[in-house]
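Listed below are the residues making up each chain.
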Amino acid sequence: MDFNDTPTEAEYRAKVRAWLADAAAKYKDMPDAEGRNAEFVRRSKDWQKTKHDAGYTGITWPKAMGGQGLTPMHSIIFSQEESKTAAPTGLYAIGLGMCIPTVFTHGNPEVIQRFVPKALEGGEIWCQLFSEPAAGSDLAGIRTRAVRDGDDWVINGQKVWTTNAHLCDYGIIVTRTDPSKPKHKGLTMFIVDMHAPGVEARPLKQMSGGADFNEVFFTDVRVPDAWRLGEVGDGWKVALTTLMHERLAVGGKPRHSPDYNTLIDVARQIETEMGPAIEATHVRQKIADVYLADEGIKLTQMRALSALSKGQIPGAEQSISKVVVAKNMQDMAAFALDLSEAAGFMTDGGGSDLERLRASYMWSAGLRIAGGTDEILRNIIAERVLGLPGDLRPDKDTPFNEAKPL
Amino acid sequence: MNFDFSDDAKALRDQARRFLDERAGAAVARKAMDGDAPYDAELWTSVVELGWTAARVPEAHGGIGLSAEEACVLAEEVGRSLIPVPFVSTLMATEALLLAGSEAQQARWLPGIADGSVIATIGWAEGDAASPATTRGVRAEGGRLSGTKVPVPDLQGARLAIVSAAGRDGPSLHLVDLEGPGITIEAAPTLDLVRRHGRLTLDGAAAEPLGDAAAFHAWLDRAAVLSAWEAIGTGTVAMEMAVAYAKERVAFGQKIGRYQGVKHKCADMYVKLELARAHAMHGAWAMATDAPELGQAAAAARVAALDALKFAAEENVQLHGGIGFTWESDCQFYYRRNRQIAFALGSRAWWADRLVRTLERRNARAA
């Protein structure tokens, strides 16, 4: 038992490190590009092209798709090393992590030729158009319609929680093409041009105050039949390909989140009428609980990495991580803000730790929902890992346009 | 990255699982509960023949010299099986001898442990002592110990007890040959009706110093890792029992496992057990490599494992409903053993605080 790279992994890591030291150096002295602004996009595009030319994109993709044909461990090692630099990351995560693998798994040869290489070198940015106001956890309940018209399909409807829609060139969209079929049967997936007439992306302001997502409205948007991904009516199967990648992508704790050490630091600075907060039993018990969750998830991810490193498929580690991380962030932040009394509550109070804790408290409420709610994740663990029976789904076999809620 | 047990450890686990599935389990635990014997002598002979007591003993002392990884997988399997033999107590005492024993002390006791002729146990509790660190009832004077240790697991039938006594800097470890004079052993009833406990009264009993307070605390960390694995084994079987019942019991026209109120509890059992397993693997690694992280990893492993076991044992009764609360149901074994493991090395709260103290010391060193 050890935490070391295998010789092959170590060799790749050394190569990546040496390349990054040089290639990513220029970002070190640049001030942070705020969120999703034009400068962030410019830098991201530039960095994606640099990586592409050096053979560090599509690391796990087949060579035929322009990838490197390497293992998930290679990809993870590159991301680990990249995250230690100031190079901009994130803009392509959804496009290259989820959308394009769906395109090259289900698209026709012309579509693959047209879209995949351009996406890989960063020339075009992609988004995923799945969730709708009435279809979140129950994704197969989507209502956005696509109707055949000659060689085209005409799309009408609304998507929501679309990351970066306003910056994107293309998206993959799940639509309902046959409402007379049961809900999972009447869906079809397409590629859609985000600059086409009738597509309108509006920023969606979150309860935290930021706007990291969009809602996207489609009004008579035309898509050629050649841009269909998979057969008509097979949209659910195609969407599962994409979601498999999503569940892998959203797992660990967000970088730079407050952790148990933050709580130790905060507690050390607070004087209560009973003495320093760090000496209070309930505070120390909470620190231990937070440590168990924080470090437990890191160690659990190391178990998953060890499985990958041996060429095995990891188990339910990512679902476990998702269930534990967000709720733990929320509880820990609330506890630390409580300890800090008024300074924790006032948005201009306290130092940078409190600022991060307030942000973490607000953000964690969304994280418990994004990419599979805590409840859906528990269903997945209970059903797929423990083999318990699925929930009853009364609408499963009824034509979508006749289904009535119980 | 190779954060996983070695192939040798896994092979030993598979072998142990096969043996215990066949020979131990809740029915055997029930037989032990209904009987008077301190442990199942026939099963103990088999366990010794399998080489489990020799596993950690170096070859020079008649053992096999396996690593801490193997000790951890055996602790987990024994935890799963509820097997009524003094294995965990002997294993923990073996760790104390390996850690703190002089060459002569090891030569005196380890061969007997390896060949099964010596059952050993550890006694820190003194009835009202608040934690393993607050020993005050047993005192050492001129190579003799006086005072009472209670409850001591697997005391009846044991030949060797390693007991803590009040020392200058905290509890120190002493070896007591239980066949010597000045020793009284009585039964001490506890909530656990399968693993028997005793009251050890020492009245000027001959004792050899084994280790100082530092050795005591270093031993506690190793014992905590082993107890975490035992707890994970016991908790996992409680979860398996709950899941099996949820797949079969029908209420309101459905298998109860379809209800989220039931299945989410099962999912939470799994999540808690897997988090505990990750910490306990960290502990196994730190123990096997004598890493500086051992204190932190051991405390985390123990606390996470106690949380997981408590939750699984309690909710297993709950998911069984009325039948789970009957004497005939096996739920009680896991529910009761949960209390035994929780007591065995000091409470969850004490270990959580110990974890934070370890983190504070680490942070202070780094600063």
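Note that this is a predicted model, so its numbers are computed, not measured.

Caption draft 1: Structural context of the interface of chain A and chain B. Taken together, the contact between chain A and chain B spans 46 residues of the former and 48 residues of the latter. Note on chain A versus chain B: buried area summed over both sides is about 4,300 Å², and carbon and sulfur give 62% of it. Across the contact surface, chain A and chain B share 8 salt bridges. Here Asp353 of chain B makes a salt bridge to Arg284 of chain A, at a shortest N to O gap of 2.5 Å. Those elements that provide at least two residues to the side of chain A that touches chain B are α7 (260-269), α8 (281-309), α9 (317-339) and α12 (374-385) of chain A. Of all the elements, α8 of chain A adds the most residues to the side of chain A that touches chain B, at 17 residues. When the residues that make up the side of chain A that touches chain B are grouped by side-chain class, the tally is 23 nonpolar, 11 polar and 12 charged.

Caption draft 2: Structural view of the state of the cysteines. A complete count under the given rule lists 0 disulfides over all chains for this structure. This cysteine, Cys127 of chain A, is not joined by any disulfide, and Cys168 of chain A carries the nearest cysteine sulfur, 4.0 Å off. Summary of cysteine pairing: Cys331 of chain B is not part of a disulfide, and the nearest cysteine sulfur, belonging to Cys266 of chain B, is at 12 Å. When its relative accessible area of 0% is taken as the criterion, Cys331 of chain B is described as buried.

Caption draft 3: Layout of helix α7 (residues 213-246) of chain B. With 34 residues, α7 of chain B extends 48 Å from end C-alpha to end C-alpha; this agrees with the ideal 50 Å at 1.5 Å per step. The N-capping residue of α7 of chain B, defined by a side-chain oxygen 3.2 Å from the backbone nitrogen of Ala214 of chain B, is Asp212 of chain B.

Caption draft 4: Structural view of the pairing of strand β1 (residues 126-129) of chain A. All names here are of chain A. Neither face of β1 is exposed, since Trp126 and Gln128 on one face and Cys127 and Leu129 on the opposite face are all buried. As paired strands, β1 and strand β4 (residues 170-176) are joined by 4 bridges and run parallel to one another. Paired with Gln128 across the two strands is Ile172, which belongs to β4.

Caption draft 5: A look at the side chain of Thr300 of chain A. If you trace the backbone, Thr300 of chain A turns up in helix α8. Under the relative-accessibility criterion, Thr300 of chain A is labelled buried at 1%. If we ignore the near neighbours within four places in the chain, the residues touching Thr300 of chain A are Glu317 of chain A together with Glu274, Leu275 and Ala278 of chain B.

Caption draft 6: Here's a closer look at the domain arrangement of chain B. All names here are of chain B. Under the domain assignment, chain B is made up of domain 1 (7-117), domain 2 (121-211) and domain 3 (215-366). The C-alpha-based centres of domain 2 and domain 3 are spaced at 27 Å. Each partner contributes to the roughly 1,600 Å² buried at the junction of domain 2 and domain 3, and carbon and sulfur atoms together form 70% of this total. It is Trp124, Pro132 and Arg195 that lose the most area in domain 2 upon contact with domain 3, and together they represent 30% of the buried surface on that side. At the boundary of domain 2 and domain 3, one finds 2 salt bridges. Among the salt bridges present, the one from Arg195 reaches Glu230, with a minimum N-O distance of 2.8 Å. In this assembly, domain 2 and domain 3 are joined by 7 residue pairs in polar contact (both at pLDDT 80 or more). Only β3 (144-153) and β5 (171-177) provide two or more residues apiece to the side of domain 2 that touches domain 3. Residues that form the side of domain 2 that touches domain 3 fall into these classes: 12 nonpolar, 4 polar and 2 charged.

Caption draft 7: The packing of helix α3 (residues 72-82) of chain A against α8 of chain A, seen in detail. Residue and element names in this part refer to chain A. Orientation of α3 relative to α8, taken along the N-to-C sense of each, is 135°, at an axis distance of 9 Å. It follows from the interaxial angle that α3 and α8 lie oblique. Where α3 approaches α8, its residues Pro72, Met73, Ile76 and Gln80 are matched on the opposing element by Leu305, Leu308 and Ser309. Across the contact of α3 with α8, the residue classes break down as 5 nonpolar, 2 polar and no charged.

Caption draft 8: The layout of surface pockets, seen in detail. Reported here for the second largest pocket is a volume of approximately 620 Å³. The set of elements that each furnish at least two residues to the lining of the second largest pocket consists of α8, α9 and α12 of chain A together with α8 (260-289) and α9 (294-320) of chain B. No other element matches the 6 residues that α8 of chain B contributes to the lining of the second largest pocket.

Caption draft 9: Molecular detail of empty space enclosed by the protein. Residue and element names in this part refer to chain B. By the definition in use, this model includes 4 cavities of 30 Å³ or more. The space that makes up the largest cavity amounts to roughly 190 Å³. Taken together, 20 residues form the lining of the largest cavity, with Ser89, Met92, Pro153, Gln340 and Ala344 sitting closest to its centre. No other element matches helix α10 (residues 331-344), which puts 4 residues into the lining of the largest cavity. Here the residues of the lining of the largest cavity are counted per class, giving 12 nonpolar, 5 polar and 3 charged. Size it by volume and the second largest cavity reaches roughly 50 Å³. Forming the walls of the second largest cavity are Ala29, Leu82, Asp192, Leu193, Val194, Gln332, Phe333, Arg336 and Arg337. In terms of residue count, the dominant contributor to the lining of the second largest cavity is α10 (4 residues).

Caption draft 10: A look at the packing of aromatic side chains. Residue and element names in this part refer to chain A. Under the defined criterion, the tally for this structure stands at 25 aromatic pairs over all chains. Here Tyr56 and Phe78 contribute two aromatic rings whose centre-to-centre distance is 5.0 Å and whose plane-to-plane angle is 20°, an arrangement assigned as stacked. Taken together, the positions of Tyr56 in the loop between α2 (38-54) and α3 and Phe78 in helix α3 put the pair 22 residues apart, joining distant regions of the chain. The exposure class assigned to Tyr56 is buried, which follows from its relative accessible area of 7%. Both rings, one in Trp153 and one in Phe190, keep their centres 5.2 Å apart while their planes meet at 50°; by these two values the pair is tilted. Of this pair, Trp153 sits in strand β3 (residues 152-163) while Phe190 sits in strand β5 (residues 187-193); the two residues are 37 residues apart in sequence, bridging distant segments of the chain. For the pair Trp153 and Phe190, one class covers both residues: buried. A network of ring pairs unites the aromatic residues Tyr12, Trp19, Tyr27, Trp47, Tyr56 and Phe78 as a single cluster.

Calculation notes
- Residues numbered from 1 in each chain as written.
- Chains lettered and ligands numbered in written order.
- Predicted model: local features only at pLDDT ≥ 70, side-chain atom pairs only at ≥ 80, totals over all residues.
- Heavy atoms only, no water.
- Contact = heavy atoms within 4.5 Å.
- Buried area = accessible area lost by both parts, 1.4 Å probe.
- Salt bridge = Lys/Arg side-chain N within 4 Å of Asp/Glu carboxyl O.
- Helix = DSSP H or I, 4+ residues; strand = E, 2+ residues; numbered from the N terminus.
- Nonpolar A, V, L, I, M, F, W, Y, C, P; charged D, E, K, R; others polar.
- Disulfide = S-S within 2.5 Å.
- Buried < 20%, exposed > 50% of the residue type's maximum accessible area, 1.4 Å probe, protein only.
- Expected span 1.5 Å × (residues − 1).
- Polar contact = N/O pair within 3.5 Å; in protein donor to acceptor, adjacent residues only side chain to side chain.
- Pairing = 2+ DSSP bridges.
- Domains from an automatic or database assignment.
- Axes fitted to C-alpha atoms, helices over the stretch in contact; angles between N-to-C directions.
- Parallel < 35°, antiparallel > 145°, perpendicular 65-115°, else oblique.
- 1 Å grid on protein atoms, 1.4 Å probe; cavity = no way out; pocket = protein on both sides within 12 Å on 5 of 7 lines; lining within 4 Å.
- Points joined across faces, edges and corners; volume = space filled by probe spheres on them.
- Phe/Tyr/Trp six-rings, centres within 6.5 Å; stacked < 30°, edge-to-face > 60°.

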